[in-house]
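Each chain is listed here by its residues.
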Amino acid sequence: MLASALSTLLGNGIFAINHGKNAADKGEAWYFQRKTSSKIFTKNQFTGHVHDTLCKNTEKILRNLDRHVESSKSLPLAMQTLFF
């Protein structure tokens, strides 16, 4: 029942298909999805993505801090109001 509801939302991908010895196909579809995705999520690709994301978000933080310093000079600095 849960697998049916998830497949409506997520299709027949790795997050929605049954796996293990109790699955109708004994987990073969899940295993195929798992092996396919493992080729995409390599250590080098993950490390590169994390690095790029950290650099991009650090630049955003620095721009917001610069704007705050230029516009108000008020302390204490409420970080949450700068980003949310």
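That block above? That's the structure.
Worth saying up front: this structure is predicted, and the values here are computed from it rather than measured.

Visitor: How would you explain a nonpolar patch on the surface if you had to name every residue and give the values?
Guide: Taken together, the side chains of Leu-9, Leu-10 and Phe-15 make up a nonpolar region of the molecular surface, amounting to roughly 400 Å² of accessible area. With respect to the helices, strands and loops of the structure, Leu-9 is situated in helix α1 (residues 2–10). With relative accessibility at 68%, the residue Leu-9 sits in the exposed group.

Visitor: Account for a positive patch on the surface, naming residues and giving values.
Guide: A cluster of like positive charges, contributed by Lys-56, Lys-60, Arg-63 and Arg-67, occupies part of the molecular surface. By the element assignment, Arg-63 lies in helix α3 (residues 43–71).

Visitor: Hey, could you go over the environment of Trp-30 for me, with residue numbers and the actual values?
Guide: With respect to the secondary-structure elements, Trp-30 resides in helix α2 (residues 28–40). Residues Trp-30 and Ala-16 lie 14 residues apart in sequence; the distance between their C-alpha atoms is 9.0 Å. Other than its neighbours up to four places away in sequence, Trp-30 contacts Ile-14, Ile-17, Asn-18 and His-19.

Conventions used here
- What you see as residue numbers is a count from 1 along each chain, following the sequence as written.
- Only residues with pLDDT of at least 70 are given local features in this predicted model, and only at 80 or more are side-chain atom pairs given and counted; all residues enter the totals for whole chains, interfaces and linings.
- Only heavy atoms go into the side-chain values, all of them from the structure, while hydrogens and water stay out.
- Patch construction takes residues with relative accessible area above 30% that form no salt bridge. Like charges are linked within 9 Å, and nonpolar side chains (Val, Leu, Ile, Met, Phe, Trp, Tyr) are linked within 5 Å.
- Computed with a 1.4 Å probe, the accessible areas rest on the Shrake-Rupley method; for each residue, only the protein chains presented here act as cover.
- The term salt bridge refers to a pairing of a side-chain nitrogen on Lys or Arg with a carboxyl oxygen on Asp or Glu at a separation within 4 Å.
- Only DSSP runs of H or I covering at least 4 residues are called helices, and only runs of E covering at least 2 are called strands; the numbering of each starts at the N terminus.
- Accessibility here uses a 1.4 Å probe with only protein chains present; expressed as a share of the type maximum, an area under 20% marks a residue as buried, one over 50% as exposed, and anything in between as partly exposed.
- Counting rule for charge: Lys and Arg are taken as positive, Asp and Glu as negative, and neither His nor the chain ends is counted.
- For charged residues, the charge sits on one atom: NZ in Lys, CZ in Arg, CG in Asp, CD in Glu.
- Contacts were defined at the residue level, with two residues in contact if any of their heavy atoms lie within 4.5 Å.

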